[in-house]
Amino acid sequence: MAARASTTRPVGSVTRGTTNPNRLRRMDRWIAATHGAALRRAPSPVAVDLGYGAAPWTAVELLARLRTVAPRARVVGVEIEPARVAAAKPYEREGLVFRHGGFEIPVPERPALIRAANVLRQYEEGEVAGVWARLCARLAPATDDVPGGGLLVEGTCDEIGRRHVWVALGPEGPRTVTFAARLGSLDRPSDLAERLPKALIHRNVPGEPVHAFLRDFDRAWAAAAPYASYGARQRWIRAVHDLTGDWPVVDGPTRWRQGEVTVGWGALAPL
């Protein structure tokens, strides 16, 4: 794949570059399950791993996971730090390349997927909307074959991928928020608050929707305590089921069993 020629400076700032193998497995699993069909139908199923960090593991893993559901998928790892791109070059293979760039997304195609994990943590909350708009404008548009168009997945996880929260956005803007965890690592659902993406992490205060959601989730978790004897998974499923009465949960038990719950963005968006 030829890189789009550019004489402009990449847009964005160098991140810490922290990365670990298998760190983004929960996000990748969700993408494969919810966006795999769109990637299969896309005429150019290009996925961008934006800000993959000091080592290329997440991009290598993304290609392997996407190809289980979309065999034609290709991954472009994009990093703003040239030394990181040079270090990743030996890992290139059929379907996987690495490019120097930033939020401008230096690929000729409109990507079917952009994954930006742990990239915006160092930015100010007021910068998030502009970054989202720039990235969403680069997504593949909606078509008859892919009615939703491309997908941007932006979020945060801990260093070994036990706790994750991400926002999914289409060309039109934010759609959903997903909370995902290794359930054995949680004392209560609000433990995930520390992994809220930048757009929400400073909004976990009384009066804001995301605070109310986590409060209600903790209450549902406490009420589901009798199910703990069957395991943390059954307790989570019951707690999420109880949440559906008051919150627009958009997924079902198949995803809940994975330690996930996805809620419509409009219900959690900052006031």
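**Some remarks on the packing of helix H6 (residues 209-223) against helix H7 (residues 232-243)**
Here is step 1: Where H6 contacts H7, the two axes come as close as 8 Å, and the packing angle between them is 125°. The angle between H6 and H7 falls in the class oblique. The two elements H6 and H7 meet at a crossing, and its hand is right-handed. Each of Phe 213, Asp 216, Phe 217, Ala 220, Trp 221 and Ala 222 in H6 lies in contact with H7, whose residues at this interface are Ala 232, Arg 235, Trp 236, Ala 239, Val 240, Asp 242 and Leu 243.
Here is step 2: Broken down by class, the residue content of the contact of H6 with H7 amounts to 10 nonpolar, no polar and three charged.

**Re the packing of aromatic side chains**
Here is step 1: For the structure shown, the criterion picks out 10 aromatic pairs.
Here is step 2: With a centroid separation of 5.2 Å and an interplanar angle of 65°, the aromatic rings of Tyr 52 and Phe 98 are classed as edge-to-face. Of the two residues, Tyr 52 sits in the loop between strand S1 (46-50) and helix H2 (57-67) while Phe 98 sits in strand S3 (residues 96-100), which places them 46 residues apart along the sequence.
Here is step 3: Residue classification places Tyr 52 among the buried residues on the basis of a relative accessible area of 3%.
Here is step 4: A relative accessible area of 1% places Phe 98 in the buried class.
Here is step 5: Every member of this aromatic cluster is reached through a ring pair, and the members are Phe 179, Phe 213, Phe 217, Trp 221, Trp 236 and Trp 247.

Conventions used here
- Residues numbered from 1 in each chain as written.
- Predicted model: local features only at pLDDT ≥ 70, side-chain atom pairs only at ≥ 80, totals over all residues.
- Heavy atoms only, no water.
- Axes fitted to C-alpha atoms, helices over the stretch in contact; angles between N-to-C directions.
- Helix = DSSP H or I, 4+ residues; strand = E, 2+ residues; numbered from the N terminus.
- Parallel < 35°, antiparallel > 145°, perpendicular 65-115°, else oblique.
- Left-handed = near helix turned anticlockwise from the far one by under 90°.
- Contact = heavy atoms within 4.5 Å.
- Nonpolar A, V, L, I, M, F, W, Y, C, P; charged D, E, K, R; others polar.
- Phe/Tyr/Trp six-rings, centres within 6.5 Å; stacked < 30°, edge-to-face > 60°.
- Buried < 20%, exposed > 50% of the residue type's maximum accessible area, 1.4 Å probe, protein only.

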